[in-house]
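Here is what each chain is made of, one letter per residue.
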Amino acid sequence: MTDSLTFAIPKGRILEEALPVMARAGVVPEDAFHDKANRSLTFGTTREDMRLIRVRAFDVATFVAHGAAQAGIVGSDVIEEFDYDDLYAPVDLDIGHCHLAVAEPERVAGDTCGASHLRVATKYPNITRRHFERQGIQAECVKLNGAMEIAPVLGLAGRIVDLVSTGRTLKQNGLVETSRIMEISARLIVNRAALKTDPRVGALVEAFRADASARKAA
């Protein structure tokens, strides 16, 4: 269906919290979506004019920014990392809370006095560089998509920048949080051009906004 809306959702930690929010806003996946053995990336919904795509969080932003999807849900960390001009995040969904932090081995934590150059393992090179630039430090970013916590152990980088929720994973790998960069929550994102040209996108924004307001007021 060339006239269908495409709504992008992320695999991983945000999805379970996002599904009931989506349902209240009228975005309900077909039954096949809930089959854990189903490896499809595209699914129908209870709306004939809407389909879902389930992709990695970073790809949600890319699909929406380039207009391949008209709307989606993603963490504010992804929005900040890419800073796409064509991406608009009109609603904070108040789910998927965590934060982005710098962590390093406990034995050397905080030992950066006078440093002008650091090597950091992260999947957020843009945010990381900006964070250290504000301190007058040049960050050499080693891009990893996972297993960040073992980078200091193996000598790949002296510290990491990664998402932190409970801090348990850091502790289990001998790391401690030394600096908090930003608080994170999931946002509804839309393509700016689609918002201007397709009234269904505007209706989606209002549905998600109304749900967020109702939850906040409860």
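What you see is a predicted model; the values in this text were computed from it and never measured.

### Quick look at the pairing of strand β6 (residues 98-105)
- Most of β6 sits out of view: eight of its eight residues are buried.
- Where β6 and strand β9 (residues 159-164) come together, five bridges link them in antiparallel fashion. The residue bridging Ala-101 from the neighbouring strand is Asp-162, located in β9.

### Description of the sheet that holds strand β2 (residues 42-44)
- Reading across from one edge, β2-β3-β1-β4-β11-β5 is the order of the six strands in this open sheet, with mixed pairing throughout. Each edge of the sheet is formed by a strand with only one pairing partner; in this case those strands are β2 and β5 (87-92). Here the strands of the sheet are splayed against their neighbours by 30° on average, with no regard to which way each runs.
- Two elements, β2 and strand β3 (residues 50-55), share three bridges in a ladder whose sense is antiparallel. Its bridge partner being in β3, Gly-44 is matched across the sheet by Arg-51.
- Running at roughly 145° to strand β1 (residues 5-10), helix α1 (residues 15-24) makes contact with β1, β3 and β4 (71-75) of the sheet.
- Where helix α7 (residues 199-217) meets the sheet, its contacts fall on β1, β3, β4, β5 and β11 (186-191), and the angle it forms with β5 comes to roughly 30°.

### Observations concerning the packing of α1 against α7
- Their axes nearest at 9 Å, the elements α1 and α7 cross at an angle of 110°. It follows that α1 is roughly perpendicular to α7 by the angle criterion. Here the hand of the crossing between α1 and α7 comes out right-handed. Of α7, the residues touching α1 (which contributes Val-21, Met-22 and Arg-24) are Phe-208, Asp-211 and Arg-215.

### Considering unusual backbone geometry
- If you check the backbone angles, Asp-83 has positive phi at about 50° while not being a glycine.
- Looking at the secondary structure, you find Asp-83 in the loop between α3 (76-82) and β5.
- Judged by relative accessible area, which is 57%, Asp-83 ranks as exposed.
- For Ala-147, which is not a glycine, the phi torsion comes out positive at approximately 55°.
- Note that Ala-147 resides in the loop between β8 (138-143) and β9.

### Focus: the pairing of β3
- The buried count for β3 comes to five of six residues, which makes it a mostly enclosed element.
- Sheet topology note: the β1/β3 ladder contains six bridges and is parallel. Its bridge partner being in β3, Thr-6 is matched across the sheet by Arg-51.
- Between the end of β2 and the start of β3, which pair antiparallel, lie five residues.

Parameters and conventions
- Residues numbered from 1 in each chain as written.
- Predicted model: local features only at pLDDT ≥ 70, side-chain atom pairs only at ≥ 80, totals over all residues.
- Heavy atoms only, no water.
- Buried < 20%, exposed > 50% of the residue type's maximum accessible area, 1.4 Å probe, protein only.
- Helix = DSSP H or I, 4+ residues; strand = E, 2+ residues; numbered from the N terminus.
- Pairing = 2+ DSSP bridges.
- Axes fitted to C-alpha atoms, helices over the stretch in contact; angles between N-to-C directions.
- Contact = heavy atoms within 4.5 Å.
- Parallel < 35°, antiparallel > 145°, perpendicular 65-115°, else oblique.
- Left-handed = near helix turned anticlockwise from the far one by under 90°.

Function-wise, these values are silent; they only describe arrangement.
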